[in-house]
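Architecture and fold: a report
One-letter residues, chain by chain:
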Amino acid sequence: RNTAPRCRSRFGGNMSFLKTIVDALHYALQDEKDRAREMMRTQQQSSSGLVRWAANSPDAALVTALASGTMAGATAYFARRRMKDSEFIRDIPLVSLSEVPAIVAANPDESVLVKVKGEVRASQPLVAPLSGTQCVVVRTMKVRHYEEQRKTIVKGKKTSKKEGASSEVTNEKNSWKTGEEQYGVEELDTDFCIVDTSGGAARVSKDLLKDWIGARYFDLIKAKDEYQPVSNSSEQRSTKRTIGYSLKEYVLPLGVEIVVLAEAAIDPSAEGGIILRRPSKKNMFDRARMTNTYLVTRMSEDALLDDIERRGFLWLGSSAITGAISLTSLGALHFARDGSIMAAVAAAAGLLAAGTALFVYGQDRRKERRDMVKEQRDRASTIPSAPVVE
């Protein structure tokens, strides 16, 4: 009878002690969660403005990531195109024009890509209307030079000496800016060929100079640039007035040495002749015309390679910058959502893997191209040389 209350009191004390421990653990866990939330909130508040921008405008961050990623892909394609141009120029050996007929005859069922160099010749050359230069291509254009009035508003503050107060003052300044616009562009061309020191000759297709792929490393020579000033009394009060006209003339004259990287084929207009033209859509190198390299240029091979590498580095730098913007926006967006940048890391790893795979594929294609070119030259060496085409 005396021990029962004592046992009940001891049991109840143990229950209170266990409840106290459970409550303490619960509050400790709750405090830890609150502390973690507060740490995350403080980290987001103290993070860069980019993360805050992504947290406040997730749609804009996503659009930025997608747009810059698309631009990175496009600029990477053009960087790869410049790299491919450089590879084609290095891999295709320079041959004499007298060797080309034998190479074409040895490979009748294949597309033959050759790199040749020679001087421009024509049986019926053009005469430039302004300079009188004998040429095969002439381009004339008229340029209007003008002045345009620009108004600039300058804001400042003016302080009164008597009252000591300052007021905002707006001043308007007028300035004239010069500019020019082209009009009346005319271009004439005629059939021409190139001849090298070996005595060989080949007709150059005019499509090579008109195609944006073939002519991207080609420019004409300026033969004339005449400026004629004019007085415009009727336009003196106008905000845009003409101050003169220019007549410009660009030509490809006879005797200029050019380098042609193109497809060689039998010329249907000349018996036994060779024509240098754009690669056909189905050939041994690639499946589409835009993936081939073909060009006409007045630059030497070293200068051409320097120009291609410069353009390639510009495209590659643009691709790296836009790609970094895309990955940064994607990382900031996911960090603002769940405090993790694993999505951006995964995207960077995927791009690196894709770039590595494309590089390996490109090197394999380059090896195939070199082997095929070597086989074509070897076949040609077993056939007697064709007669020189005059």
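Rules used throughout
Residues numbered from 1 in each chain as written. Predicted model: local features only at pLDDT ≥ 70, side-chain atom pairs only at ≥ 80, totals over all residues. Heavy atoms only, no water. Core = buried A, V, L, I, M, F, W, Y, C linked by side-chain atoms within 4.5 Å. Buried < 20%, exposed > 50% of the residue type's maximum accessible area, 1.4 Å probe, protein only. pLDDT = per-residue confidence, 0-100. Contact = heavy atoms within 4.5 Å. Patch = residues over 30% accessible without salt bridge, like charges linked within 9 Å, V, L, I, M, F, W, Y side chains within 5 Å. Areas by Shrake-Rupley, 256 points an atom, 1.4 Å probe, with all protein chains shown as cover. Salt bridge = Lys/Arg side-chain N within 4 Å of Asp/Glu carboxyl O. Helix = DSSP H or I, 4+ residues; strand = E, 2+ residues; numbered from the N terminus. Pairing = 2+ DSSP bridges. Polar contact = N/O pair within 3.5 Å; in protein donor to acceptor, adjacent residues only side chain to side chain.

1. Observations regarding the nonpolar core
One broad rule of soluble globular proteins: the nonpolar side chains tend to lie buried together. Residues Val116, Phe192, Ile194, Leu252, Ile258, Val260 and Leu276 are the most contacted members of the largest nonpolar core, which totals 34 residues. Listed in part, the 10 residues of the second largest apolar core include Phe88, Ile89, Ile92 and Tyr217.

2. Digging into the confidence of the model for the chain
When pLDDT is averaged along the chain, the result is 76; 66% of the residues meet or exceed 70. Note on residues 384-390: pLDDT under 50 across the span, and 7 contacts to partners over four residues away in sequence or across chains.

3. A closer look at a nonpolar patch on the surface
Together, Tyr77, Phe78 and Trp315 line one region of the surface with nonpolar side chains, adding up to about 270 Å² of accessible area. Secondary-structure assignment places Trp315 in helix 6 (residues 301-338).

4. Regarding the pairing of strand 10 (residues 274-277)
One ladder, built from 2 bridges, connects strand 6 (residues 201-204) with strand 10; its direction is parallel. From the neighbouring strand, Arg203 faces strand 10, where its bridge partner is Ile275. When strand 9 (residues 257-266) meets strand 10, the two strands line up antiparallel, connected through 4 bridges. The residue of strand 10 that forms the bridge with Glu263 is Arg277.

5. Quick look at the side chain of Ser326
Structurally, the position occupied by Ser326 is in helix 6. What makes Ser326 buried here is its relative accessible area of 12%. Engagement of the side chain of Ser326 in a polar contact is seen with the backbone oxygen of Ala65, the distance being 2.7 Å.

6. A look at the environment of Tyr183
Counting through the fold element by element, Tyr183 comes out in strand 4 (residues 166-189). A relative accessible area of 37% means that Tyr183 is categorised as partly exposed. Distance from Tyr183 to Lys142, taken between C-alpha atoms, is 5.4 Å for residues 41 residues apart in sequence. Residues contacting Tyr183, with those up to four places away along its chain left out, are Met141, Lys142, Val143, Arg144 and Tyr245.

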